[in-house]
Amino acid sequence: MLKIWGRASSSNVMKVLWLCEELGLPFERVDAGGSFGRVNEAAYLAMNPMARVPTIEEPDGFSLWESNTILRYLVGRHAPGSPLHPADPRARARIERWMDWQLGHLNGPMTTILFTLYRTPEPERDMAALARAVAEAQGYWNIVEAALEGQTWLGGESLSLADIAIAPYLHRWLHFPIARTESPRLKALHAAMSARAGFARHIGVPIA
Ligand SMILES: N[C@@H](CCC(=O)N[C@@H](CS)C(=O)NCC(=O)O)C(=O)O
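Here is what the cut-offs are and how they apply
- Residues numbered from 1 in each chain as written.
- Predicted model: local features only at pLDDT ≥ 70, side-chain atom pairs only at ≥ 80, totals over all residues.
- Axes fitted to C-alpha atoms, helices over the stretch in contact; angles between N-to-C directions.
- Helix = DSSP H or I, 4+ residues; strand = E, 2+ residues; numbered from the N terminus.
- Left-handed = near helix turned anticlockwise from the far one by under 90°.
- Contact = placed C-beta atoms within 7 Å.
- Nonpolar A, V, L, I, M, F, W, Y, C, P; charged D, E, K, R; others polar.
- Expected span 1.5 Å × (residues − 1).
- Near = placed C-beta within 6 Å.
- Domains from an automatic or database assignment.

## Digging into the packing of helix α3 (residues 67-78) against helix α6 (residues 161-175)
Here is step 1 of the chain: For the pair α3 and α6, interaxial distance at closest approach is 11 Å and the crossing angle is 145°. Considering how the two elements wind past one another, α3 and α6 form a crossing that is right-handed. Across the interface between the two elements, N68, L71, R72 and V75 from α3 touch L161, I164 and A165 from α6.
Here is step 2 of the chain: Class assignment of the residues belonging to the contact of α3 with α6 gives a composition of 5 nonpolar, 1 polar and 1 charged.

This is how it looks when you write it as structure tokens:
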């Protein structure tokens, strides 16, 4: 059975868990990272030299790290040509750009907000950095809000890896105790995600 190494509270682990549910793929999740440690043990580092989560491990010993690469790999292996990650180059590229954008742009300010509000004691919080991160993230979410005009899903007509890659961050953005611009299309996307069992189980949970 597929083994997924990583704590359930990790956004990057959450993406992989939701995809496995969409694919109907049985898996065993093993706690690692954060207070669970393990990521600096030699056996883990041999699979993932970045000492981060998630890492997937298949029964024959094949292992892989980088969450968005894992998403692409699992669709390619278990549901090639699926609308989750279609074969058509243009349809695929429209989805992949949001995956790269999530990693290259959205991730930074969203991590700052999470760490400031949930991982740092109140007296030690850098509120100026928090304000800068909220402003930057708001700009990025405005881009998503505009892109959703006339469509429910981010990458096209149906659920795709674009949605799964941004899902943990969308859930957090809409639930962080911060001031946000009204965003009806983001809320509609979140509602559509919430109707999927895998999202509800692994992502639509209290922020920790
Ligand atoms: N680009 C990597 C980032 C992986 C990453 O930074 N994961 C975080 C959790 S979201 C982590 O491992 N943090 C350290 C830890 O949990 O011990 C990916 O998408 O997989």
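## Points about helix α1 (residues 11-23)
Here is step 1 of the chain: Its 13 residues give α1 an end-to-end C-alpha distance of 19 Å, which sits within 8% of 18 Å, the value for a rise of 1.5 Å per residue.
Here is step 2 of the chain: Check the buried side of α1 and you find it contacts β1 (2-5), β2 (27-30), β3 (55-57), α3, α6 and α8 (197-202).
Here is step 3 of the chain: Once α1 ends, the next one or two residues include G24, with phi positive near 65°.

## Notes on the site of the ligand
Here is step 1 of the chain: In the region of the ligand, the neighbouring residues are S10, S11, N12, G33, G34, V39, R52, V53, E66, S67, N68 and L103.
Here is step 2 of the chain: Counting residues per element, the ones that place at least two in the shell around the ligand are α1 and α3.
Here is step 3 of the chain: When the residues that make up the shell around the ligand are grouped by side-chain class, the tally is 3 nonpolar, 7 polar and 2 charged.

## Structural notes on the domain arrangement of the chain
Here is step 1 of the chain: As far as domains go, the chain holds domain 1 (2-78) and domain 2 (89-201).
Here is step 2 of the chain: Placing the centre of domain 1 and that of domain 2 at their C-alpha centroids yields a distance of 21 Å.
Here is step 3 of the chain: Facing 12 residues of domain 1, the contacting portion of domain 2 comprises 12 residues.
Here is step 4 of the chain: Of all the elements in the fold, those that place two or more residues in the side of domain 1 that touches domain 2 are α1 and α3.
Here is step 5 of the chain: Broken down by element, the residue count for the side of domain 1 that touches domain 2 peaks at 8 residues, all from α1.
Here is step 6 of the chain: Its residues assigned to classes, the side of domain 1 that touches domain 2 comprises 6 nonpolar, 2 polar and 4 charged.

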